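# Inside the fold
What follows is the residue order along each chain.
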Amino acid sequence: MSLNNNTNYIVSGVERSGTSMLMQILHAGGVPMAFDNSTRPPDENNPRGYFELEGGKIINKLMEETFSLEDFKGQFIKITAYGLKFLSPGQYRVIYSERDIEEILDSMEKMAHIEDTYRSDTREVFIKLNTMIKDLILNRDDMDILLVNYNQILKNPKDSIQKIHDFLNSAEFDLEGMLSCVDQKLYRKRRIL
Amino acid sequence: MDKDYTPVEIPTDLYKQIEEKISHSDVSSVADFITTLLKEKLSDDQSEGGSLSSNDEEKVKERLKALGYMD
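Quantities reported herein were computed from a predicted structural model and do not represent experimental measurements.

## Let's talk about the overall build of chain B
- Each helix and strand in chain B was counted, giving 3 helices and 0 strands.
- Helices (α) and strands (β) of chain B occur, in sequence order from the N terminus, as α-α-α.
- Buried positions account for 10% of the 71 residues belonging to chain B.

## Observations concerning the sheet that holds strand S3 (residues 92-98) of chain A
All names here are of chain A.
- On the basis of which strands lie adjacent, the open sheet formed by 4 strands has the order S2-S1-S3-S4 and parallel pairing. Each having just a single partner strand, strand S2 (76-78) and strand S4 (143-149) make up the two edges of the open sheet. If you compare each strand with its neighbour and ignore which way they point, the axes differ by 20° on average.
- With 3 bridges joining them, strand S1 (residues 8-13) and S2 adopt parallel strand pairing.

## So, the pairing of S1 of chain A
Residue and element names in this part refer to chain A.
- For S1, the tally of buried residues reaches 6 of 6 residues, placing the bulk of the element in the interior.
- The two faces of S1 match: Asn8, Ile10 and Ser12 on one face and Tyr9, Val11 and Gly13 on the other face are all buried.
- Note: S1 against S3, 6 bridges, orientation parallel. Note that in S3 the partner of glycine 13 across the bridge is serine 97.

What counts, and where the lines are drawn
- Residues numbered from 1 in each chain as written.
- Chains lettered and ligands numbered in written order.
- Predicted model: local features only at pLDDT ≥ 70, side-chain atom pairs only at ≥ 80, totals over all residues.
- Helix = DSSP H or I, 4+ residues; strand = E, 2+ residues; numbered from the N terminus.
- Buried ≥ 20, exposed ≤ 12 C-beta atoms within 10 Å, placed from the backbone.
- Pairing = 2+ DSSP bridges.
- Axes fitted to C-alpha atoms, helices over the stretch in contact; angles between N-to-C directions.

Written out as structure tokens, the structure is:
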């Protein structure tokens, strides 16, 4: 089972917006991907793993231009939203996840073990980041984008995952496997019922 | 002109606060008040969406470091 070897495939979104779940879904579908769970193994924040490269610190390498996207063509990698700012011209297909901002902030605070006393400022900044990055990627001619919503995936997995499957442009990936991956029990920090 | 509307729920306490607020103004209904406010907010967000200030960017980086996504 393969993707286009001339294209970089990316799962993205603001941190804690469901990017790891997207990688799990794709992995369950047999989609080629690159990750290394040894540098940041599964934990209470992501019990099924982070599905990241470079221990999650890929953004630094993108900023320094020391990350070779060429080596990862034809497979999905995870680059969170801020990192998309630093992508050189190329050929990309991106699945971009969004989530209720309060759930994102709750999850960030839990993961970072903080109580954010400036939460309204943080909220504003991450809303701006999300808007800016979406504008950026939706206007790049070298990117095809699928926007997905974490809350919707959990509410209506069949429709959302069918869209993801269709975006892969191949019937060979395991749609049922992808669907079976969605686990409501992992939907922590739920604000939207 | 016909317009499509979708009902949205807000907490009753909030509704009453808005009712009280607009009772001394020329806003005709809570729905009008909320609709105007949200349109303004969305418009502001769109116009600010083009870039992050350097201060905003530092806040993003700080949070990403706290989450282990950056050094």
